[in-house]
Amino acid sequence: MTSSSTPGLARFNTLADDEATTALHEVCASAAWGRAILSRRPYATAEALLFASDAATAALTPEDLADAMAGHPPIGRPKPGDPTSSREQRGMAGASEELKAEMLELNLAYQERFGHVFLICATGATGGQMRDAVKSRIGNSPEQERGIVRTELGKINRIRLTRLVQDFSEQGA
């Protein structure tokens, strides 16, 4: 995003609260995160929106973080009909059946250990990189993993907000 206001940001700033809430829920499933972003409108710049996202992500309680993670499908199994999860997990699309099966096993082991899906900012990552990440993180303590999950969620939220504002610019053109 550029440092100045864009037509997409202006459109986001002027959306009715219910429309903005729906759009923000597509970015992050945490209602607390969405309320925090909504409460700070209007945003003067795209960077201000991203910084607000970072602050809102950092402020999520464990329950809010669980809500946010519940909106993410397991790696290797994007939500059917959801172009966002398919785009973000593109690195798994061309993975071998062996790698997909290994990711399924690792996802299940991770979920059993931590009680939630393995969350990683998958945009631009290969299937092998995602597999290696889950392998390296499965031995973390729950506290370490919560910190990593929060960081990964912040990256995902930034990418999705950037796309949201860009999409709003294109729709207004």
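For every chain, the first residue of the written sequence is number 1, and numbering continues from 1 along that sequence. Totals for whole chains, interfaces and linings use all residues, but because this is a predicted model, local features are given only for residues with pLDDT of at least 70 and pairs of side-chain atoms are given and counted only at 80 or more. Only heavy atoms go into the side-chain values, all of them from the structure, while hydrogens and water stay out.

Enquirer: So what about the packing of helix 3 (residues 31-39) against helix 4 (residues 46-58)? Which residues, and what values?
Expert: Only the contacting stretch of a helix is used when fitting its axis, a line to C-alpha atoms as for every element, and angles between N-to-C directions run 0 to 180 degrees. Only DSSP runs of H or I reaching four residues or more are called helices, and only runs of E reaching two or more are called strands; each is numbered from the N terminus. The contact between helix 3 and helix 4 brings their axes to 9 Å, and the two run at 145°. The two elements helix 3 and helix 4 cross, and the hand of that crossing is right-handed. Counted together, W33, A36 and I37 of helix 3 and L49, A52, S53, A56 and T57 of helix 4 form the full contact between these two elements. When the residues that make up the contact of helix 3 with helix 4 are grouped by side-chain class, the tally is six nonpolar, two polar and no charged. Helix crossings fall into two classes, left-handed where the near helix is turned counterclockwise from the far one by less than a right angle and right-handed where it is turned clockwise. It only takes one pair of heavy atoms within 4.5 Å for two residues to be counted as in contact. Under the convention adopted here, Pro, Cys and the residues Ala, Val, Leu, Ile, Met, Phe, Trp and Tyr are nonpolar, Asp, Glu, Lys and Arg are charged, and Gly plus all remaining residues are polar.

Enquirer: Break down the pattern of salt bridges for me, citing the residues and quoting the values.
Expert: Salt bridge, as used here: a side-chain nitrogen of Lys or Arg that lies within 4 Å of a carboxyl oxygen of Asp or Glu. Throughout the structure, instances matching the rule amount to nine salt bridges. For R41, the salt bridge identified is with D17, shortest N-O distance 2.7 Å. Residue R41 is found in the loop between helix 3 and helix 4, and its partner D17 is found in helix 2 (residues 17-27); the two are separated by 24 residues along the sequence. The class for R41 is buried, based on a relative accessible area of 16%. Three labels apply to residues, based on accessible area from a 1.4 Å probe with only protein chains included: buried if under 20% of the type maximum, exposed if over 50%, partly exposed otherwise in between.

Enquirer: Break down the side chain of N140 for me, citing the residues and quoting the values.
Expert: Mapping N140 onto the fold places it in the loop between helix 9 (127-137) and helix 10 (142-172). By relative accessible area, which is 13% here, N140 ends up buried. Those residues in contact with N140, other than ones at most four positions away along the chain, are R113, F114, E145 and I148.

Function cannot be inferred from these measures alone, as they are strictly geometric.
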